[in-house]
Amino acid sequence: MQVTEQDTATRETTAQLVEAFLKQRREQIAQRWADAPLFRTVFTVSRDEAVEACKGVVDALAEVVAGGRPEDITAPEFATVREQLGHVAASRARGGATPAQIADDVAALRPPVTELLRAEFADPSGVQAGEAVLLLSVVMGTLRLVVMETALSAGEELMERQRQQLLEVATPVIQLWDGIVAVPLIGTLDSARSQVVMESLLEAIVDQRAAYAILDITGVPMVDSLVAQHLLKTVAAARLMGAECIVSGIRPAIAQTIVHLGIDLGTVVTRSSLADALAYALARQGIAIPAPSASRVSPS
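Residues numbered from 1 in each chain as written. Predicted model: local features only at pLDDT ≥ 70, side-chain atom pairs only at ≥ 80, totals over all residues. Heavy atoms only, no water.

> How would you explain the pairing of strand β2 (residues 180-186) if you had to name every residue and give the values?
Judged by how many residues are buried, β2 sits mostly within the fold: 5 of 7 residues are covered. One ladder, built from 3 bridges, connects strand β1 (residues 174-177) with β2; its direction is antiparallel. Paired with Gln175 across the two strands is Val181, which belongs to β2. Here 6 bridges tie β2 to strand β3 (residues 212-219), and the two strands are oriented parallel to one another. What sits directly across from Pro184, in β3, is Asp216. Read from β2 through helix α9 (residues 191-208) to β3, the crossover connection turns out right-handed. (Buried < 20%, exposed > 50% of the residue type's maximum accessible area, 1.4 Å probe, protein only. Helix = DSSP H or I, 4+ residues; strand = E, 2+ residues; numbered from the N terminus. Pairing = 2+ DSSP bridges. Right-handed = clockwise from strand over helix to strand, strands pointing away.)

Dropping the structure here:
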(Lines give C-alpha, C1' and ligand atoms only; values in the text may rest on other atoms or scores of the structure.)
Protein backbone atom coordinates (compact mmCIF):
# COMPACT_ATOMS: atom_id res chain seq x y z
CA MET A 1 0.00 0.00 0.00
CA GLN A 2 1.48 3.33 -1.12
CA VAL A 3 1.98 5.95 1.56
CA THR A 4 0.83 9.37 0.43
CA GLU A 5 2.15 12.74 1.49
CA GLN A 6 -1.12 13.29 3.32
CA ASP A 7 -0.62 10.07 5.31
CA THR A 8 2.89 11.17 6.23
CA ALA A 9 1.67 14.60 7.26
CA THR A 10 -1.11 13.04 9.37
CA ARG A 11 1.36 10.78 11.15
CA GLU A 12 3.69 13.68 11.85
CA THR A 13 0.83 15.76 13.20
CA THR A 14 -0.36 12.89 15.40
CA ALA A 15 3.17 12.34 16.71
CA GLN A 16 3.49 16.03 17.56
CA LEU A 17 0.15 15.93 19.41
CA VAL A 18 1.11 12.87 21.45
CA GLU A 19 4.59 14.23 22.19
CA ALA A 20 3.12 17.54 23.36
CA PHE A 21 0.55 15.68 25.46
CA LEU A 22 3.22 13.60 27.22
CA LYS A 23 5.26 16.70 28.02
CA GLN A 24 2.32 18.81 29.18
CA ARG A 25 0.62 16.08 31.21
CA ARG A 26 3.86 14.70 32.62
CA GLU A 27 2.92 15.42 36.25
CA GLN A 28 -0.61 13.97 35.99
CA ILE A 29 0.62 10.80 34.26
CA ALA A 30 3.38 10.33 36.83
CA GLN A 31 0.94 10.75 39.69
CA ARG A 32 -1.32 8.05 38.28
CA TRP A 33 1.50 5.66 37.44
CA ALA A 34 3.05 6.01 40.89
CA ASP A 35 0.13 4.02 42.33
CA ALA A 36 0.42 1.25 39.70
CA PRO A 37 1.85 -2.11 40.86
CA LEU A 38 5.00 -1.75 38.71
CA PHE A 39 6.19 1.25 40.72
CA ARG A 40 4.29 0.83 43.99
CA THR A 41 5.89 -2.56 44.72
CA VAL A 42 9.40 -1.20 44.12
CA PHE A 43 9.24 2.26 45.72
CA THR A 44 7.73 1.19 49.02
CA VAL A 45 9.35 3.86 51.21
CA SER A 46 8.63 7.10 49.38
CA ARG A 47 5.86 7.80 46.89
CA ASP A 48 7.77 10.90 45.74
CA GLU A 49 10.55 8.61 44.49
CA ALA A 50 8.00 6.64 42.48
CA VAL A 51 6.62 9.86 40.97
CA GLU A 52 10.08 11.02 39.93
CA ALA A 53 10.80 7.63 38.36
CA CYS A 54 7.52 7.82 36.45
CA LYS A 55 8.37 11.30 35.17
CA GLY A 56 11.61 9.92 33.78
CA VAL A 57 9.67 7.23 31.89
CA VAL A 58 7.20 9.79 30.50
CA ASP A 59 10.08 11.96 29.27
CA ALA A 60 11.65 8.93 27.59
CA LEU A 61 8.39 8.00 25.87
CA ALA A 62 8.09 11.54 24.53
CA GLU A 63 11.53 11.07 22.95
CA VAL A 64 10.39 7.77 21.43
CA VAL A 65 7.34 9.43 19.85
CA ALA A 66 9.49 12.29 18.51
CA GLY A 67 11.94 9.75 17.06
CA GLY A 68 9.29 8.36 14.73
CA ARG A 69 9.95 4.66 15.42
CA PRO A 70 7.42 3.79 18.12
CA GLU A 71 7.15 0.12 17.10
CA ASP A 72 10.90 -0.59 16.98
CA ILE A 73 12.39 -1.92 20.23
CA THR A 74 15.88 -1.29 18.82
CA ALA A 75 15.20 2.41 18.28
CA PRO A 76 17.88 4.47 20.07
CA GLU A 77 15.20 6.48 21.88
CA PHE A 78 14.17 3.33 23.77
CA ALA A 79 17.65 3.17 25.34
CA THR A 80 16.54 5.80 27.85
CA VAL A 81 13.41 3.79 28.63
CA ARG A 82 15.54 0.70 29.21
CA GLU A 83 17.64 2.66 31.65
CA GLN A 84 14.64 4.17 33.42
CA LEU A 85 12.71 0.89 33.77
CA GLY A 86 15.67 -1.50 33.87
CA HIS A 87 16.22 -1.02 37.61
CA VAL A 88 12.48 -1.30 38.30
CA ALA A 89 12.13 -4.53 36.29
CA ALA A 90 15.27 -5.99 37.87
CA SER A 91 13.96 -5.17 41.34
CA ARG A 92 10.61 -6.82 40.55
CA ALA A 93 12.44 -9.87 39.21
CA ARG A 94 14.55 -10.15 42.36
CA GLY A 95 11.33 -9.94 44.35
CA GLY A 96 10.05 -13.07 42.64
CA ALA A 97 7.93 -11.58 39.84
CA THR A 98 8.02 -13.46 36.54
CA PRO A 99 8.61 -11.68 33.20
CA ALA A 100 4.92 -12.28 32.37
CA GLN A 101 3.83 -10.59 35.61
CA ILE A 102 6.11 -7.65 34.94
CA ALA A 103 4.73 -7.38 31.40
CA ASP A 104 1.21 -7.29 32.83
CA ASP A 105 2.28 -4.51 35.19
CA VAL A 106 3.52 -2.50 32.22
CA ALA A 107 0.26 -3.16 30.33
CA ALA A 108 -1.63 -1.72 33.32
CA LEU A 109 0.09 1.64 32.70
CA ARG A 110 -1.75 2.15 29.40
CA PRO A 111 -5.40 2.76 30.55
CA PRO A 112 -4.63 5.75 32.83
CA VAL A 113 -2.59 7.58 30.20
CA THR A 114 -5.08 6.71 27.43
CA GLU A 115 -7.91 8.18 29.50
CA LEU A 116 -5.97 11.41 29.94
CA LEU A 117 -5.15 11.57 26.24
CA ARG A 118 -8.80 11.18 25.14
CA ALA A 119 -9.77 13.98 27.47
CA GLU A 120 -7.52 16.32 25.48
CA PHE A 121 -9.86 16.21 22.48
CA ALA A 122 -13.20 17.95 22.07
CA ASP A 123 -14.44 14.76 20.43
CA PRO A 124 -12.82 11.81 22.28
CA SER A 125 -14.30 9.38 19.76
CA GLY A 126 -13.22 11.37 16.69
CA VAL A 127 -10.69 10.37 14.05
CA GLN A 128 -7.89 12.56 15.38
CA ALA A 129 -8.35 11.25 18.91
CA GLY A 130 -8.43 7.69 17.57
CA GLU A 131 -5.14 8.15 15.70
CA ALA A 132 -3.48 9.66 18.76
CA VAL A 133 -4.68 6.81 21.00
CA LEU A 134 -3.51 4.27 18.41
CA LEU A 135 -0.02 5.79 18.35
CA LEU A 136 0.11 5.85 22.13
CA SER A 137 -1.03 2.20 22.21
CA VAL A 138 1.79 1.25 19.82
CA VAL A 139 4.33 3.03 22.02
CA MET A 140 3.02 1.35 25.17
CA GLY A 141 2.98 -2.04 23.44
CA THR A 142 6.60 -1.65 22.40
CA LEU A 143 7.44 -0.50 25.91
CA ARG A 144 5.95 -3.76 27.19
CA LEU A 145 8.26 -5.74 24.90
CA VAL A 146 11.26 -3.69 25.98
CA VAL A 147 10.53 -4.28 29.67
CA MET A 148 9.95 -8.01 29.08
CA GLU A 149 13.35 -8.21 27.39
CA THR A 150 14.94 -6.33 30.28
CA ALA A 151 13.20 -8.54 32.86
CA LEU A 152 14.37 -11.70 31.09
CA SER A 153 17.94 -10.42 31.09
CA ALA A 154 17.68 -9.53 34.78
CA GLY A 155 16.27 -12.99 35.53
CA GLU A 156 19.10 -14.68 33.67
CA GLU A 157 21.66 -12.61 35.54
CA LEU A 158 20.00 -13.50 38.84
CA MET A 159 20.02 -17.21 38.00
CA GLU A 160 23.67 -17.01 36.99
CA ARG A 161 24.57 -15.34 40.30
CA GLN A 162 22.61 -17.97 42.22
CA ARG A 163 24.29 -20.74 40.24
CA GLN A 164 27.69 -19.25 41.01
CA GLN A 165 26.81 -19.00 44.69
CA LEU A 166 25.69 -22.64 44.73
CA LEU A 167 28.95 -23.67 43.10
CA GLU A 168 30.90 -21.80 45.75
CA VAL A 169 28.84 -23.30 48.58
CA ALA A 170 29.22 -26.77 47.08
CA THR A 171 33.00 -26.34 46.88
CA PRO A 172 34.22 -25.35 50.36
CA VAL A 173 37.90 -25.01 51.21
CA ILE A 174 38.70 -26.36 54.68
CA GLN A 175 41.76 -25.61 56.78
CA LEU A 176 42.82 -28.95 58.24
CA TRP A 177 46.01 -27.75 59.94
CA ASP A 178 48.30 -24.78 59.92
CA GLY A 179 49.57 -24.63 56.36
CA ILE A 180 47.26 -27.41 55.12
CA VAL A 181 43.97 -26.84 53.27
CA ALA A 182 41.60 -29.30 51.62
CA VAL A 183 38.78 -29.25 49.08
CA PRO A 184 36.37 -32.19 49.46
CA LEU A 185 34.75 -32.62 46.03
CA ILE A 186 31.30 -34.19 45.82
CA GLY A 187 29.37 -34.77 42.60
CA THR A 188 30.19 -34.12 38.97
CA LEU A 189 33.21 -31.97 38.21
CA ASP A 190 32.49 -29.92 35.09
CA SER A 191 34.38 -26.99 33.59
CA ALA A 192 32.46 -24.29 35.49
CA ARG A 193 32.84 -26.00 38.85
CA SER A 194 36.49 -26.81 38.16
CA GLN A 195 37.14 -23.11 37.64
CA VAL A 196 35.48 -22.33 40.98
CA VAL A 197 37.55 -25.07 42.66
CA MET A 198 40.77 -23.64 41.27
CA GLU A 199 39.94 -20.05 42.21
CA SER A 200 38.76 -20.98 45.72
CA LEU A 201 41.80 -23.16 46.35
CA LEU A 202 44.30 -20.57 45.14
CA GLU A 203 42.65 -17.89 47.29
CA ALA A 204 42.82 -20.20 50.31
CA ILE A 205 46.49 -20.95 49.64
CA VAL A 206 47.23 -17.23 49.71
CA ASP A 207 44.96 -16.42 52.68
CA GLN A 208 46.11 -19.36 54.81
CA ARG A 209 49.71 -19.31 53.56
CA ALA A 210 49.25 -22.98 52.91
CA ALA A 211 52.16 -25.17 51.84
CA TYR A 212 49.95 -28.19 51.13
CA ALA A 213 46.59 -28.45 49.39
CA ILE A 214 44.53 -31.63 49.29
CA LEU A 215 41.98 -32.36 46.56
CA ASP A 216 39.76 -35.11 47.88
CA ILE A 217 37.74 -36.83 45.12
CA THR A 218 36.12 -39.48 47.29
CA GLY A 219 32.70 -38.05 46.44
CA VAL A 220 33.33 -37.76 42.69
CA PRO A 221 31.40 -40.65 41.08
CA MET A 222 33.40 -40.82 37.87
CA VAL A 223 36.75 -39.62 36.59
CA ASP A 224 37.11 -39.24 32.83
CA SER A 225 39.76 -37.51 30.76
CA LEU A 226 38.08 -34.10 31.22
CA VAL A 227 37.95 -34.41 35.00
CA ALA A 228 41.56 -35.58 35.06
CA GLN A 229 42.62 -32.57 33.01
CA HIS A 230 40.84 -30.27 35.45
CA LEU A 231 42.64 -31.92 38.37
CA LEU A 232 46.03 -31.63 36.66
CA LYS A 233 45.43 -27.94 35.92
CA THR A 234 44.49 -27.30 39.54
CA VAL A 235 47.60 -29.14 40.75
CA ALA A 236 49.79 -27.11 38.39
CA ALA A 237 48.19 -23.83 39.51
CA ALA A 238 48.73 -24.72 43.17
CA ARG A 239 52.40 -25.44 42.46
CA LEU A 240 52.78 -22.05 40.84
CA MET A 241 51.47 -20.57 44.10
CA GLY A 242 54.14 -22.47 46.03
CA ALA A 243 51.94 -25.24 47.45
CA GLU A 244 52.22 -28.99 46.95
CA CYS A 245 48.93 -30.52 45.86
CA ILE A 246 47.84 -34.00 46.92
CA VAL A 247 44.95 -35.86 45.30
CA SER A 248 43.18 -38.21 47.68
CA GLY A 249 40.20 -40.53 47.52
CA ILE A 250 41.29 -42.50 44.46
CA ARG A 251 39.25 -45.69 44.72
CA PRO A 252 40.23 -48.92 42.87
CA ALA A 253 37.62 -48.38 40.16
CA ILE A 254 38.81 -44.81 39.53
CA ALA A 255 42.43 -45.98 39.50
CA GLN A 256 41.59 -48.54 36.81
CA THR A 257 39.75 -45.93 34.77
CA ILE A 258 42.73 -43.56 34.91
CA VAL A 259 45.05 -46.34 33.76
CA HIS A 260 42.72 -47.38 30.92
CA LEU A 261 42.46 -43.76 29.74
CA GLY A 262 46.24 -43.50 29.67
CA ILE A 263 46.25 -40.46 31.94
CA ASP A 264 49.66 -39.76 33.47
CA LEU A 265 49.44 -38.77 37.12
CA GLY A 266 53.04 -39.71 37.75
CA THR A 267 54.01 -36.21 38.87
CA VAL A 268 51.03 -35.92 41.22
CA VAL A 269 51.13 -37.12 44.82
CA THR A 270 48.11 -39.39 45.38
CA ARG A 271 46.70 -41.08 48.45
CA SER A 272 43.78 -43.44 48.91
CA SER A 273 42.03 -41.39 51.58
CA LEU A 274 41.86 -37.90 53.01
CA ALA A 275 43.36 -39.17 56.27
CA ASP A 276 46.36 -40.59 54.41
CA ALA A 277 46.81 -37.32 52.52
CA LEU A 278 46.71 -35.33 55.77
CA ALA A 279 49.22 -37.70 57.38
CA TYR A 280 51.52 -37.24 54.37
CA ALA A 281 51.31 -33.45 54.59
CA LEU A 282 51.92 -33.47 58.35
CA ALA A 283 54.90 -35.80 57.98
CA ARG A 284 56.39 -33.49 55.35
CA GLN A 285 56.20 -30.71 57.93
CA GLY A 286 57.89 -32.87 60.52
CA ILE A 287 54.76 -33.47 62.57
CA ALA A 288 54.42 -37.06 63.74
CA ILE A 289 50.96 -38.48 64.38
CA PRO A 290 51.08 -41.59 66.58
CA ALA A 291 49.12 -44.55 65.28
CA PRO A 292 46.06 -45.43 67.40
CA SER A 293 46.78 -48.24 69.78
CA ALA A 294 44.76 -51.44 69.46
CA SER A 295 42.02 -51.75 72.04
CA ARG A 296 42.65 -54.36 74.65
CA VAL A 297 40.08 -56.41 76.50
CA SER A 298 40.95 -56.94 80.14
CA PRO A 299 40.72 -60.54 81.26
CA SER A 300 37.78 -61.16 83.46
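> Which residues make up the sheet that holds β2, and what values do they have?
Ordered by their spatial adjacency, 5 strands build an open sheet running β1-β2-β3-β4-β5, and the pairing between neighbours is mixed. The open sheet has two edge strands with one neighbour each: β1 and β5 (269-271). The mean angle between the axes of side-by-side strands here comes to 30°, regardless of whether they run parallel or antiparallel. Strand direction decides the pairing type here: β3 and strand β4 (residues 244-248), joined by 5 bridges, are parallel. Paired with Ala213 across the bridge in β4 is Cys245. Across the sheet, α9 lies against β1, β2 and β3, angled at about 165° from β2, the strand it touches most. Along the sheet, helix α12 (residues 274-284) contacts β1, β2, β3, β4 and β5; its crossing angle with β4, the most-contacted strand, is approximately 155°. (Axes fitted to C-alpha atoms, helices over the stretch in contact; angles between N-to-C directions. Contact = heavy atoms within 4.5 Å.)

> So what's going on with the side chain of Glu19? Residues and values would help.
Note that Glu19 resides in helix α1 (residues 5-24). A distance of 3.0 Å separates a polar atom in the side chain of Glu19 from a polar atom in the side chain of Lys23. Contacts of Glu19, omitting those with residues within four sequence positions, involve Ala62, Val65 and Ala66. (Polar contact = N/O pair within 3.5 Å; in protein donor to acceptor, adjacent residues only side chain to side chain.)

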